[in-house]
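# Summary of the model geometry
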Amino acid sequence: MNTGLKEQIRNRCTDLEIPLVGFASASRWDEPLFEPWVPEEFRPRALFPETNTVIVLGLPVSLPVIETAPSVHYHELYRTINTLLDMEGYRLAEWLVSRRYPSLWIPRDGYGSIGVLRENPVVFFSHRHAAFLAGLGTFGINNTLLTPEFGPRVRFVSVFTSAEIPPDPVITEPLCTHCMRCVEICPVKALSGRNYPEGLMDKKTCATRSEALFKRSISPCGLCIKVCPVGEDRQRYGRTDMRIYDEEDERYARYHQAWKHVRAFWGR
Ligand code: SF4
Ligand code: SF4
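The present account deals with the structure reproduced in this document. Only a predicted model underlies this, so the values are computations on that prediction, with no experimental measurement involved.

Once that is clear, we can look at the site of ligand 2. The environment of ligand 2 is formed by Gly140, Ile141, Asn142, Cys176, Thr177, His178, Cys179, Met180, Cys182, Cys228, Pro229 and Val230. In terms of residue class, the shell around ligand 2 is built from 8 nonpolar, 4 polar and no charged.

Printed below as a string of C-alpha cells:
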C-alpha cells in the first residue's frame, strides 16, 4: 500500500483547494453493504480492469447560491462546479499516469442530456456510491450523499487508478436526521420518505422537472438539497435556523426578498 502517494494526493488537493478527497479499494464494490447494490458491470474493475483504488474528489455547492434555487444563479454555479470537477479529475488521472500508474478519469455526470436521463435515469458509474465507499458521507432520505462538511451540497468526480492506496474508513453512523424537509418541499413528490435504498427516488419524475427547468436555464431543481439541515456549511454561513426557508417568517424577509429578486431573472 502506497501511503506516500496518498499523502501527495491529499497535499495536491489542498493546494488546488479541493476540500473533500477520499480513497476506496476497488474490492469494496464486490462486498455489498446493502441491497440493491451496484450491478457488476457498473463497478470500477468492470470499467477499467487495472483499478485497485478509486479516488473521489468533492467540491461544495455554496449554500447562499442554492438558496436561490431554482435560479439562473444556481444553474451557473452547477455548470462551473461540473467543469472544475472534470478538469481536476482529468488532471489527477494524468498526473498519476505520468508516475506510471494507469488511471482513468470518470466524468461527473455521464448522461449527455436531461432528456436522455428522463428516458433512462441511470449513468454508467455512480459517484455517490464511490463517495460513500471512500468514506465521505452516508445516504439521506433525499437519495443524495450527505457529508459532515457540506451535507448534500457537494458534487463529486472519481478517478480509477492502479495504484494501491490505503482506503479511508466508510462512515457507518447515518448523517440523515429524518427531518423530512426534503420530502415536504419536493414539488413533484419524487421522494418516498423512506431510508435509502428502500425509498428510491422517482428519478423519472425528478428528471422531468429538471428538463422543464433546463428549458428556462434554471436547472437543476435542488430544493431537497437546499433545505437539508446537515452540514457544517450551515454554521459557517449562520444558517442553522431552518425557519429561514419559511417564506411567511417575517424575521427573514430580507433573505426572501433577495431570493425572489434572483428568481425573477430566468435565463430565457
Ligand atoms: S431535485 Fe427537486 S424534483 Fe428532484 S427530488 Fe429533489 S426536490 Fe424533488
Ligand atoms: S432534509 Fe432531512 S430527511 Fe432529507 S436528507 Fe436531509 S436530514 Fe435527511
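Glancing now at the pattern of salt bridges. Enumeration over the complete set of coordinates arrives at 12 salt bridges. The salt bridge partner of Glu247 is Arg263, with a shortest N-O separation of 3.5 Å. Taken together, the residues span a long stretch of sequence, with Glu247 in the loop between α10 (233-237) and α11 (253-263) and Arg263 in helix α11 at a distance of 16 residues. Via salt bridges that share partners, Lys6, Arg10 and Asp168 belong to a single interconnected network.

The element strand β6 (residues 154-161) is extensively covered by neighbouring structure, given that 8 of its 8 residues are classed as buried. In this structure, strand β2 (residues 53-60) lies alongside β6, joined through 8 bridges in antiparallel fashion. When the bridges of β6 are listed, Leu57 appears paired with Val157. In the sheet, strand β3 (residues 103-106) pairs with β6 via 4 bridges, with the strands oriented antiparallel. Bridge pairing links Ser103 to Thr161 in β6.

What follows covers the nonpolar core. Among the nonpolar cores identified, the biggest contains 46 residues, and Ile9, Ile55, Leu57, Leu92 and Leu96 are the most heavily contacted of them. Counting residues per element, the ones that place at least two in this core are α1 (3-15), β1 (20-25), β2, α3 (63-66), α4 (72-98), β6, α7 (181-185) and α9 (223-226). For this core, the element with the highest residue contribution is α4, accounting for 9 residues. Those residues within four positions of Leu57 in sequence are excluded, and the remaining contacts are Cys13, Ile18, Leu20, Val21, Leu85, Glu88, Gly89, Leu92, Arg155, Phe156 and Val157. One finds Ala24, Trp29, Leu133 and Val154 within the second-largest nonpolar core, a separate group that totals 24 residues.

What follows concerns the site of ligand 1. Taken together, the residues surrounding ligand 1 are Cys186, Pro187, Val188, Ala190, Leu191, Met201, Cys206, Arg209, Cys221, Gly222, Leu223 and Cys224. Looking at the shell around ligand 1, the elements that each hand over two or more residues are α8 (203-214) and α9. The class makeup of the residues in the shell around ligand 1 is 10 nonpolar, 1 polar and 1 charged.

Our next topic: the packing of aromatic side chains. One pass over the structure, following the stated rule, counts 12 aromatic pairs. With a centroid separation of 5.8 Å and an interplanar angle of 45 degrees, the aromatic rings of Phe34 and Phe132 are classed as tilted. Of this pair, Phe34 sits in the loop between β1 and α2 (44-47) while Phe132 is found in helix α6 (residues 127-133), placing the two residues 98 residues apart along the sequence. Each member of the pair Phe34 and Phe132 is classed as buried. Note on Phe34 and Tyr196: the rings are 5.9 Å apart at their centroids and 85 degrees apart in plane angle, and the pair reads as edge-to-face. In this pair, Phe34 sits in the loop between β1 and α2 while Tyr196 sits in the loop between α7 and α8, placing the two residues 162 residues apart along the sequence. On the basis of relative accessibility, which here comes to 18%, the residue Phe34 falls in the buried class. A residue is classified by how much of its surface remains accessible, and Tyr196, at 14% relative accessible area, is buried. Counting every residue linked through ring pairs, the aromatic cluster contains Phe34, Trp37, Phe132, Phe139 and Tyr196.

Spatially, 4 strands are ordered β1-β2-β6-β3 in an open sheet, and the strand pairing comes out antiparallel. Among the strands making up the open sheet, the edge pair consists of β1 and β3. Neighbour to neighbour, the strand axes of the sheet diverge by 20 degrees on average, direction disregarded. Here 6 bridges tie β1 to β2, and the two strands are oriented antiparallel to one another. Of the residues in β2, the one forming a bridge with Val21 is Leu57. Packed onto the sheet, α1 meets β1 and β2 and runs at close to 155 degrees relative to β1. Packing of α4 onto the sheet brings it into contact with β2, β3 and β6, and relative to β6 it is tilted by some 20 degrees.

Thresholds, definitions, all that
Residues numbered from 1 in each chain as written. Chains lettered and ligands numbered in written order. Predicted model: local features only at pLDDT ≥ 70, side-chain atom pairs only at ≥ 80, totals over all residues. Heavy atoms only, no water. Near = heavy atom within 4 Å. Nonpolar A, V, L, I, M, F, W, Y, C, P; charged D, E, K, R; others polar. Salt bridge = Lys/Arg side-chain N within 4 Å of Asp/Glu carboxyl O. Helix = DSSP H or I, 4+ residues; strand = E, 2+ residues; numbered from the N terminus. Buried < 20%, exposed > 50% of the residue type's maximum accessible area, 1.4 Å probe, protein only. Pairing = 2+ DSSP bridges. Core = buried A, V, L, I, M, F, W, Y, C linked by side-chain atoms within 4.5 Å. Contact = heavy atoms within 4.5 Å. Phe/Tyr/Trp six-rings, centres within 6.5 Å; stacked < 30°, edge-to-face > 60°. Axes fitted to C-alpha atoms, helices over the stretch in contact; angles between N-to-C directions.

It is worth stressing that arrangement in space is one thing and function is another; only the former is reported here.
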